[in-house]
Amino acid sequence: MIILGLLILVAAVVIGVAGVLSNSGSAHEFTGGFSVFGVDVTGSTGTLFLYGLVVGAAALLGLSLLLTGTRRTVRRGRTARRGLKQSRRKTAAAEQERGVLINERDTARAQTARAERDDEDPAGPVERPRHKQHWFHQRAAPR
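Analysis parameters
- Every chain begins its residue count from 1, and numbering advances along the sequence as written.
- With the structure being a predicted model, the display of local features is reserved for residues of pLDDT at least 70 and the display and counting of side-chain atom pairs for 80 or more, all residues being used for whole-chain, interface and lining totals.
- Remark: hydrogens and water are excluded; side-chain values derive from all non-hydrogen atoms of the structure.
- Secondary structure elements follow DSSP: runs of H or I of four or more residues count as helices, runs of E of two or more count as strands, with numbering from the N terminus.
- Throughout this description, buried means an accessible area under 20% of the type-specific maximum (1.4 Å probe, protein chains only), exposed means over 50%, and partly exposed covers the range between.
- Residue contacts follow a heavy-atom distance rule, with two residues in contact if any of their heavy atoms lie within 4.5 Å.
- Here the open area of atoms and residues is found with the Shrake-Rupley method and a 1.4 Å probe, where only the protein chains shown may cover a residue.
- Definitions used throughout: a 1 Å grid over protein atoms alone; a cavity as a set of points that fits a 1.4 Å probe which cannot get out; a pocket as an open set with protein on both sides within 12 Å along at least five of seven lines; a lining residue as one with an atom within 4 Å of a point.
- Grid points are joined across faces, edges and corners, and a volume is the space filled by probe spheres set on the points.
- Note on residue categories: nonpolar means Ala, Val, Leu, Ile, Met, Phe, Trp, Tyr, Cys or Pro, charged means Asp, Glu, Lys or Arg, and polar means any other residue, Gly included.
- A patch consists of residues exposed above 30% relative accessible area that lack any salt bridge, with like charges linked at up to 9 Å and nonpolar side chains (Val, Leu, Ile, Met, Phe, Trp, Tyr) linked at up to 5 Å.
- A side-chain nitrogen of Lys or Arg and a carboxyl oxygen of Asp or Glu constitute a salt bridge if their distance falls within 4 Å.
- Only four residue types enter the tally: Lys and Arg on the positive side, Asp and Glu on the negative side, with His and both chain ends excluded.
- Lys charges are placed at NZ, Arg charges at CZ, Asp charges at CG and Glu charges at CD.

(A) A look at the overall build of the chain. Counting its secondary structure elements, the chain contains two helices and two strands. For the chain, the sequential pattern of α-helices and β-strands runs α-β-β-α. The 143 residues of the chain split such that 4% are buried. Counted over contacts in the chain with a minimum sequence separation of 6, partners at least 24 positions apart contribute 26%. When the accessible surface of the chain is totalled, it reaches about 13,500 Å², and 61% of it is carbon and sulfur.

Structure representation (C-alpha cells):
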C-alpha cells in the first residue's frame, strides 16, 4: 500500500513538472487576464498549472488533516465503547456474584434457624413459677 502511494506521488510530481515546463514561454501566455481575491494573475499557462498544483496540494493537506482527526476521534470512541463494554461485563459479573452470595447467606440463615428450632424441646418452653424474692421481706398479696 505504501509503495503504491509512493509510485502515484512520484508520477504526479513528474506530470506536474512536465506540465509547467512544456507550457512556459511567450507562445503560452494568457490571452485574457483574470484575478483571484483581487490579485491579477498574469503569466503563462504553465504558471497557472503550477498554481493549480499548489492549490491542489494545499487542499490535499487539509483533507488529510481532516481525515486524520476523524480517524483519531473514531479510534477514541471505539476505545471508549470497548472500555464501557468491559465495565458492563465486570459489573454484571459482580452483580451475579453478589446474588450468589446473598442466596448462600439466606440459605445459611434458614438452616441455622431450622437447626435452632430442631434443638428446642418438643413440649415447648418450660413454665417456671415466678417467685420474686425481695431482700428484706416477701411482698404482701394485694387485698
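Now, onward.
(B) Broad picture of the layout of surface pockets. As a volume, the largest pocket reaches approximately 200 Å³. Along the walls of the largest pocket sit Ala12, Val13, Gly16, Val17, Val20, Leu50, Gly52, Leu53, Gly56, Ala57 and Leu60, which together make up its complete lining. Elements that contribute at least two residues to the lining of the largest pocket include exactly helix H1 (2-22) and helix H2 (45-119). Per-element accounting of the lining of the largest pocket gives the leading share, six residues, to H2. Residue classes in the lining of the largest pocket are distributed as eight nonpolar, three polar and no charged.

(C) Broad picture of a nonpolar patch on the surface. Together, Leu9, Val13, Val17 and Leu21 give the surface a local cluster of nonpolar side chains, amounting to about 390 Å² of exposed area. Among the secondary structure elements, valine 13 is positioned in helix H1. By relative accessible area, valine 13 is classed as partly exposed at 49%.

(D) A positive patch on the surface, seen in detail. A grouping of Arg71, Arg72, Arg75, Arg76, Arg78, Arg81, Arg82, Lys85 and Arg89 is seen on the molecular surface, where their side chains present a positively charged patch. Within the secondary structure, arginine 76 is located in helix H2.

Any link to function would need more than the numbers given here.
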